[in-house]
Amino acid sequence: MNQIVSVLEPWLVNHPIILNFQWIEGRTLGSTPLFLTLTVCSYLSLSLLLRHVPLPSISPAFLAPISALHNLTLLLLSLLMAVGCSLSALRHAHSVVCLPPPTSRSGPLFFWAHLFYLSKILEFVDTLLIILSGSFRRLTFLHVYHHSTVPIMAYLWLHTAQSLFPVALVTNATVHVVMYGYYFLCSVGVRPTWKRLVTDCQILQFVFSFVASGWMLYEHFGGSAAGCSGIWGWCFNAVFNASLLALFLNFHFKSYAANANKRVESKSH
């Protein structure tokens, strides 16, 4: 294990680009509120527009390799962020749960947060592929709400130097390795039997975030007098996670529990 860390650390933690990273609003890519606002509004507008505008029929054979490449890219990117942020947290953070204010928005942890933020914009392509494939039943409120709000959450991580974000980043990126691994296999013609695992992992992620948040709040109110950095950013994060947990639990019930009851009833007849 130590040998693996010693090989990866120079590239994922101590590389000059990562080590010397700084989040400077107005200079770093995507760092202005205007950029974030225009990006999210464009996503919402195009999602609504393209859903109701007749599009030419596109062959699944044409879309499949594009979808496979997109899913593989996000799978590898999620794995890279999970490993890179984990190593950075181990080496460069006194406490990833409670960052002491004022925390400088620089260094490896914030490099990975910035890459995470940009990757959530890249995930907008998910919606475009759904629209082009004509699978509008997959274009749910949960899907659009999740995709449009996560970039705001990630922006606030950086803007407020939010405590707990390294934990959230690693858990979210790990879940996305599983999710995009499933989507990649589907896009190359393999239909895994563990689809439910994707939703279960997402629900577990939100439950874990609330447990970790309890630890952070204990540190903020009962730990050092200075408290924890970015507490207002965390408030947005907590409300967003609570709403996603409710939506995913509802999706889980409709997709699995209700279907299981139907199968039981059909067998009884």
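The protein is annotated in an unreviewed UniProt entry as very-long-chain 3-oxoacyl-CoA synthase of Momordica charantia. According to its UniProt record, the protein has this under Subcellular location (unreviewed entry): "Membrane". In UniProt, the protein has this text filed under Catalytic activity (unreviewed entry): "a very-long-chain acyl-CoA + malonyl-CoA + H(+) = a very-long-chain 3-oxoacyl-CoA + CO2 + CoA".

Here helix α5 (residues 108-122) is 15 residues long and its end C-alpha atoms lie 21 Å apart, about the 21 Å a rise of 1.5 Å per residue gives. In terms of burial, α5 is largely enclosed, as 11 of its 15 residues are buried. Every buried residue of α5 is accounted for by Pro108, Leu109, Phe110, Phe111, Trp112, Ala113, His114, Phe116, Tyr117, Ser119 and Lys120.

Right, let's get into the nonpolar core. In this structure, Trp112, Phe116 and Leu169 are the most contacted members of the largest nonpolar core, which totals 58 residues. Of all the secondary structure elements, the ones that give two or more residues to this core are α1 (2-12), α3 (33-52), α4 (60-92), α5, α7 (141-160), α8 (165-187), α9 (195-222) and α10 (231-268). Judged by nonpolar contacts, the second largest core, of 6 residues, contains Ile130, Ile131, Leu139 and Val144.

Interaxial distance between α8 and α9 falls to 9 Å at its minimum, and their mutual angle equals 175 degrees. Taken as axis vectors, α8 and α9 run roughly antiparallel relative to one another. Residues Val167, Thr171, Asn172, Val175, Val178, Met179 and Tyr182 of α8 pack against Lys195, Leu197, Val198, Cys201, Gln202, Gln205 and Phe208 of α9. Here the contact of α8 with α9 is built from residues that sort into 9 nonpolar, 4 polar and 1 charged.

Residues spaced three or four apart along an α-helix face the same direction, because each turn holds 3.6 residues. Relative to the 28 Å expected for 20 residues at 1.5 Å per residue, α7 spans 28 Å between its end C-alpha atoms, a close match to the ideal helical length. The largest bend along α7 reaches roughly 25 degrees and is located at Thr149, with the proline Pro151 sitting one to four residues downstream. Within α7, 15 of the 20 residues are buried, which leaves it mostly tucked inside the rest of the structure. Ala161 lies just past α7 and shows a positive phi near 50 degrees.

Within this structure, the stated rule accounts for 1 disulfide. There is a disulfide in this structure between Cys98 and Cys228, and the S-S distance comes to 1.9 Å. Measuring the twist about the S-S bond at about -105 degrees, one finds the Cys98-Cys228 disulfide to be left-handed. Of this pair, Cys98 sits in the loop between α4 and α5 while Cys228 sits in the loop between α9 and α10, placing them 130 residues apart in sequence. Free cysteine Cys85: the closest other cysteine sulfur is in Cys98, separated by 16 Å. Accessibility expressed as a relative area gives 0% for Cys85, which makes it buried. Looking at Cys186, it has no disulfide partner, and the nearest cysteine sulfur is the one in Cys201, 15 Å off.

The next subject is the pattern of salt bridges. Counting across every chain of the model gives 4 salt bridges. The partner of Glu25 in a salt bridge is Arg105, with the nearest N and O atoms 3.0 Å apart. Placement of the pair is Glu25 in the loop between α2 (16-19) and α3 and Arg105 in the loop between α4 and α5, with a sequence separation of 80 residues. By relative accessible area, Arg105 is classed as partly exposed at 26%.

On to empty space enclosed by the protein, then. Under the criterion given, the structure shown has 2 cavities of 30 Å³ or more. The volume enclosed by the largest cavity comes to roughly 270 Å³. What lines the largest cavity is a set of 25 residues, among which Ala168, Gln205, Ser209, Asn237 and Asn241 lie closest to the centre. Among the elements of the structure, α7, α8, α9 and α10 are those that each provide at least two residues to the lining of the largest cavity. Residue classes in the lining of the largest cavity are distributed as 14 nonpolar, 11 polar and no charged. Computed from the structure, the second largest cavity encloses a volume of approximately 30 Å³. Counting residues per element, the lining of the second largest cavity draws most heavily on α7, at 4 residues. When its residues are assigned to classes, the lining of the second largest cavity shows 2 nonpolar, 2 polar and 2 charged.

The next thing to look at is the layout of surface pockets. Over the atoms, a rolling probe the size of a water molecule traces out where space has been left empty. Its volume calculated, the largest pocket comes out at about 1300 Å³. Looking at the largest pocket, it is lined by 36 residues, and the ones nearest its centre are Ile130, Arg138, Tyr182, Tyr183 and Lys195. Of all the secondary structure elements, the ones that give two or more residues to the lining of the largest pocket are α4, α6 (124-133), α7, α8, α9 and α10. Looking at the lining of the largest pocket, the element that brings in the most residues is α8, giving 7 residues. Partitioning the lining of the largest pocket into residue classes produces 17 nonpolar, 14 polar and 5 charged.

Conventions and cut-offs
Residues numbered from 1 in each chain as written. Predicted model: local features only at pLDDT ≥ 70, side-chain atom pairs only at ≥ 80, totals over all residues. Heavy atoms only, no water. UniProt positions renumbered as here; feature names shortened; annotations may be inferred. Helix = DSSP H or I, 4+ residues; strand = E, 2+ residues; numbered from the N terminus. Expected span 1.5 Å × (residues − 1). Buried < 20%, exposed > 50% of the residue type's maximum accessible area, 1.4 Å probe, protein only. Core = buried A, V, L, I, M, F, W, Y, C linked by side-chain atoms within 4.5 Å. Axes fitted to C-alpha atoms, helices over the stretch in contact; angles between N-to-C directions. Parallel < 35°, antiparallel > 145°, perpendicular 65-115°, else oblique. Contact = heavy atoms within 4.5 Å. Nonpolar A, V, L, I, M, F, W, Y, C, P; charged D, E, K, R; others polar. Bend = angle between axes of the 7 residues up to and from the residue. Disulfide = S-S within 2.5 Å. Salt bridge = Lys/Arg side-chain N within 4 Å of Asp/Glu carboxyl O. 1 Å grid on protein atoms, 1.4 Å probe; cavity = no way out; pocket = protein on both sides within 12 Å on 5 of 7 lines; lining within 4 Å. Points joined across faces, edges and corners; volume = space filled by probe spheres on them.

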